[in-house]
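A structural walkthrough
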Amino acid sequence: MNEPILEVENLTVQFKAKTKMFRSTGDREKWKRVLNAISFSLRQGETFGIVGETGSGKTTLARTLVGIYKPKDCKVTLYGKRVDFRKKEGILLLRKTIGIVFQDPVGSLNPRVTVYDIISEGIPVWEKLKEEQKAEKVREAARLVDLPESKLESYPTELSGGEKQRVSLARTIIGGKKILVLDEPTSSLDVSIQAQILNLLIRLKKELSISYIFITHDLNVIKYMCDRVAVLYYGQILEQGNTEEIFEHPRHPYSSDLVAANISFSSTTKFSEVQESGEPSKEGCVYKNSCSKRFASCDNEPPVIDYGKGTVKCWLYSNMRDDRGNKMER
Amino acid sequence: MIDSIQRRDKLSPNLLEVSNLSVNFETIDRTVEVLKDVSVTVGKEEVVGVVGESGSGKSTLAQVIVGVLDIPPARIMGGRILLEGKEILPHPENKVNFRGKGINMIFQEPLTSLNPVYSVHDQMEEAVNIGHPKLEKKEKEAIIRKSLAEVMIRDVEGVLNVYPHQLSGGMRQRVSIAMVLVQKPNLLILDEPTTGLDLIVQRKIISLIMNLKKEVLSSILLITHDLAVAANMCDRIYVMYAGRVVESGKMRDVLHDPKHPYTTMLKNSEPEGYANGAPLKVSSGAPPDLRHLPPGCAFNPRCPMAMDICRSKVPELKKLADNREVACWLYE
């Protein structure tokens, strides 16, 4: 496939647990590490999926990529240029190229201005367009996302959930962004509306030749939309690779638990086994407390192992011999 | 005539029978028809699903059955609900208290259905008092602990002494399931029991309910927007659209051969398999606004097969083979 346009290496984000009160209730750390050494790359025209449960750091990752949060440590390369998060130029470079669509369409649209104003806000100021040119661009963006022109004069509260998400999309694509970060773009929508938005995303990708970073907890959507997938758990990527590979042959115990738990029309696993899960671990492998295949090595930080079609962070494969990792020495 | 109706009620094999239920929501300036002529039955030891998008009236249906609907603004315009042959709506027979042991409900958001100012233990105790009013205190305590263990809570003593907000979403839902279990209801209504929960937790809660169903509970009425969840749990389903039942039948039949165009669309909307860039088969349009329903069949603006008659007359539910029903002019 094409060259990577976005490369993220060792992205680490931590939040400060500021007050003493916070620290005394839970863990006594001063810093809460939300993302831990995340590395992935995005290629031109690709949809890269990030799947994870509540608290896995999905949204933090999305927000860091558009410069809302500052990472502690990282090496981010965008179209061959190193992004410096500490400098204004770095953040500007990010924001020129990467757009974001938030999960909550109600909270991300200003209720006091019209849809026209919301969309035109996405036009970069340096383009210095005249009013007519602006109007032309807004209408063009609305056409691209299938938003009727009559809706341009309404306010966000008058729109349905699907229409709000279309407005969010229009506001992002009008600035000519090349990469869109979609943070749970369909999770608050009805299934039939979700299907319409997914179709719209598939079409926009072809028409505008953009790339997506698709963040969701819904495995069926990931399976349908993404070329490659990363499985995020408690701030770490446990496995990433080709979507089909991960769904058909999940290597990490967590990925296989996820795939087994997924409910679809064709799901065959019976509802019988109820396995108890534990808290994410702070030492060694994060998943060791819930893992069914735990053994002695899991108390140490697992290595990231490349198996050709992807990588997996698990001790099970540290001396992998065959493709499925069944026969190995412990 | 009256005799024959009563005799039929006695012989009825159904646990719950909702017939021709209509509910309006009335405000100062308008009246909205939320349920229109809805008939639903739940047999003994059967899992029945009610599936629909937002605004289909599925949650209102559940609330009417349990009797927690706010009246007003809601107003029951007609219909009858029988539980085990006894009328509970419009006139409860002998003032029978059907909640608790008769019908019980698990709500979508356990944080709002559990009381925030009482500990888990106190709320469990209240439930046990309904389920087993005549037992000694010691026996009641034992039942509380046993039922919490049944829902796969490991640290029972720890959970008993905390308040709902201190528990995670999955644990809260388990506590509310445990509370229902000690009352041993004949009919359990689940209103979107796993929406908003993580995937693995969702799977566990569903497994738990299905396992317990085998042992303790008799019948389940599942309210959900997710056809895939219904497909994995239910024996029979009702598909609702804009306050009406548009299709019903055995789960397997409906899924493999949907009759109503809406059911077909709902099924096609679920992403399934690897797309590699292929779009989903779904028509434009949004779920209905109950305040401005189109004339005729409410689905006609989104229906790919809409005919002239669909825009003028509402189709009646028509019986098909295999105990199926569909409300669509295509089958007249």
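As the structure is a prediction and not an experimental result, all values here were calculated from the model.

**Side note on the overall build of chain A**
From N to C terminus, chain A includes ten helices and twelve strands. Here chain A holds 330 residues, and the buried ones make up 54% of them. Here the contacts in chain A between residues at least 6 apart in sequence split such that 64% fall between residues at least 24 apart. When the accessible surface of chain A is summed, it comes to about 15800 Å², and 48% of that surface belongs to carbon and sulfur atoms.

**A few points about the overall build of chain B**
Of the regular secondary structure elements, chain B holds eleven helices and twelve strands. A principal-axis box enclosing the C-alpha atoms of chain B has dimensions of 70 × 60 × 45 Å. For chain B, restricting intrachain contacts to residue pairs at least 6 apart in sequence, the fraction spanning at least 24 positions comes to 65%. Total accessible area computed for chain B in this model is approximately 15700 Å², and 51% of it derives from carbon and sulfur atoms.

**Here's the deal with the side chain of His252(A)**
Residues and elements named next belong to chain A. Mapped onto the elements of the fold, His252 is located in the loop between helix H9 (243–248) and helix H10 (253–261). You can call His252 buried: its relative accessible area is 1%. Here the side chain of His252 touches Tyr254 through a polar contact of 3.0 Å, landing on its backbone nitrogen. With near-sequence residues (within four places) excluded, His252 lies in contact with Leu238, Glu239, Tyr287, Val312, Lys313, Cys314 and Tyr317.

**Some details on the sheet that holds strand E4 (residues 73–78) of chain A**
All names here are of chain A. Spatially, four strands are ordered E2-E1-E4-E5 in an open sheet, and the strand pairing comes out antiparallel. The two strands at the open ends of the sheet, each matched to only one other strand, are strand E2 (31–43) and strand E5 (81–83). Strand after strand, the sheet turns through a mean of 20 degrees between neighbouring axes, direction not considered. Inspection of the sheet shows E4 paired to E5 by three bridges, in the antiparallel sense. Residue pairing across strands places Val76 opposite Val83, the latter belonging to E5. In this fold helix H3 (residues 88–97) packs onto E4 and E5, with an angle of close to 110 degrees to the strand it touches most, E5.

**Section: the pattern of salt bridges**
According to the stated counting rule, one finds 31 salt bridges over all chains in the structure shown. When the shortest N-O distance is used, the salt bridge between Asp84(A) and Lys87(A) registers 3.6 Å. Given a relative accessible area of 46%, Lys87(A) falls into the partly exposed group. As a salt-bridge pair, Asp289(B) and Arg291(B) come within 3.2 Å of each other at their nearest N and O atoms. Look at Asp289(B) and you get partly exposed, because its relative accessible area is 32%. One continuous salt-bridge network, built from bridges that share partners, spans Glu125(B), Lys137(B), Glu141(B), Arg145(B) and Glu157(B).

**Points about the environment of Leu188(B)**
Within the secondary structure layout, Leu188(B) lies in strand E7 (residues 187–191). Residue Leu188(B) is classed as buried on the basis of its relative accessible area, which comes to 2%.

**So, the confidence of the model for chain B**
Taken as a whole, chain B shows an average pLDDT of 84; of its residues, 94% reach a score of 70 or greater. Within chain B, the element-level pLDDT minimum falls on helix H1 (residues 2–11) of chain B, averaging 45, and the maximum on strand E9 (residues 236–241) of chain B, averaging 93.

**Remarks on the domain arrangement of chain A**
All names here are of chain A. Taken domain by domain, chain A holds domain 1 (4–113 + 169–234) and domain 2 (252–266 + 273–330). Among the residues of domain 1 in contact with domain 2, Leu219, Tyr233 and Tyr234 are the three that bury the most area, contributing 57% of the side total. At the surface where domain 1 touches domain 2, the tally comes to zero salt bridges. Our count for the contact surface shared by domain 1 and domain 2 stands at three residue pairs in polar contact (both at pLDDT 80 or more). Elements that contribute at least two residues to the side of domain 1 that touches domain 2 include exactly helix H8 (219–225) and strand E9 (228–233). When residues in the side of domain 1 that touches domain 2 are grouped by element, the largest group, three residues, is from E9. In the side of domain 1 that touches domain 2, the residues fall into five nonpolar, one polar and three charged.

**Some remarks on the nonpolar core**
Ile119(A), Leu201(A), Met225(A), Leu148(B), Val175(B), Ile177(B) and Met233(B) are the most contacted members of the largest nonpolar core, which has 130 residues in total. Take this core: its biggest share by element is nine residues, from helix H7 (residues 191–208) of chain A. Beyond its immediate stretch of four places on either side in the chain, Leu148(B) contacts Met124(B), Ile153(B), Val156(B), Leu160(B), Val175(B) and Ala178(B).

**Considering the pairing of strand E3 (residues 47–51) of chain A**
Residue and element names in this part refer to chain A. Most of E3 sits inside the fold, with five of its five residues counted as buried. With burial as the criterion, each face of E3 is covered, one bearing Thr47, Gly49 and Val51 and the other bearing Phe48 and Ile50. Looking at chain direction, E3 and E9 are connected through four bridges and run parallel. Within E9, the position partnered with Phe48 by the bridge is Arg228.

**Quick look at the packing of aromatic side chains**
Residue and element names in this part refer to chain A. Counted according to the given criterion, the structure contains nine aromatic pairs over all chains. Both rings, one in Phe40 and one in Phe48, keep their centres 5.1 Å apart while their planes meet at 5 degrees; by these two values the pair is stacked. Comparing Phe40 with Phe48 shows no difference in burial state: the two are buried. Through pairs of rings, three or more aromatic residues link up here, namely Tyr233, Tyr254 and Tyr287. The lysine or arginine in question, Arg251, covers the ring of Tyr307, its NZ or CZ lying 3.7 Å from the ring centre.

**Here's the deal with the packing of helix H5 (residues 137–150) of chain B against helix H7 (residues 169–183) of chain B**
Residue and element names in this part refer to chain B. Taken N-terminus to C-terminus, the directions of H5 and H7 make an angle of 130 degrees; their axes are 9 Å apart at the nearest point. In this view, H5 runs oblique relative to H7, as classed from their interaxial angle. For the pair H5 and H7, the sense of crossing is right-handed. Along its contact with H5, which presents Ile143, Ser147, Leu148 and Glu150, the element H7 presents Val175, Ala178, Leu181 and Val182.

**Side note on the interface of chain B and chain A**
Every contact between the two is made by 45 residues of chain B and, on the other side, 43 residues of chain A. Summed over both partners, the interface of chain B with chain A comes to about 3900 Å²; 58% of that surface belongs to carbon and sulfur atoms. Contact with chain A buries surface across chain B, with Leu199(B), Arg203(B) and Tyr274(B) losing the most and accounting together for 21% of the total. Applying the counting rule to chain B against chain A returns zero salt bridges. Run the count over chain B and chain A and you get ten residue pairs in polar contact (both at pLDDT 80 or more). When residues of the side of chain B that touches chain A are assigned to their parent elements, the largest contribution, ten residues, is made by helix H8 (residues 199–215) of chain B.

What counts, and where the lines are drawn
- Residues numbered from 1 in each chain as written.
- Chains lettered and ligands numbered in written order.
- Predicted model: local features only at pLDDT ≥ 70, side-chain atom pairs only at ≥ 80, totals over all residues.
- Heavy atoms only, no water.
- Helix = DSSP H or I, 4+ residues; strand = E, 2+ residues; numbered from the N terminus.
- Buried < 20%, exposed > 50% of the residue type's maximum accessible area, 1.4 Å probe, protein only.
- Contact = heavy atoms within 4.5 Å.
- Areas by Shrake-Rupley, 256 points an atom, 1.4 Å probe, with all protein chains shown as cover.
- Polar contact = N/O pair within 3.5 Å; in protein donor to acceptor, adjacent residues only side chain to side chain.
- Pairing = 2+ DSSP bridges.
- Axes fitted to C-alpha atoms, helices over the stretch in contact; angles between N-to-C directions.
- Salt bridge = Lys/Arg side-chain N within 4 Å of Asp/Glu carboxyl O.
- pLDDT = per-residue confidence, 0-100.
- Domains from an automatic or database assignment.
- Buried area = accessible area lost by both parts, 1.4 Å probe.
- Nonpolar A, V, L, I, M, F, W, Y, C, P; charged D, E, K, R; others polar.
- Core = buried A, V, L, I, M, F, W, Y, C linked by side-chain atoms within 4.5 Å.
- Phe/Tyr/Trp six-rings, centres within 6.5 Å; stacked < 30°, edge-to-face > 60°.
- Lys NZ or Arg CZ within 6 Å of the ring centre and 35° of its normal.
- Parallel < 35°, antiparallel > 145°, perpendicular 65-115°, else oblique.
- Left-handed = near helix turned anticlockwise from the far one by under 90°.

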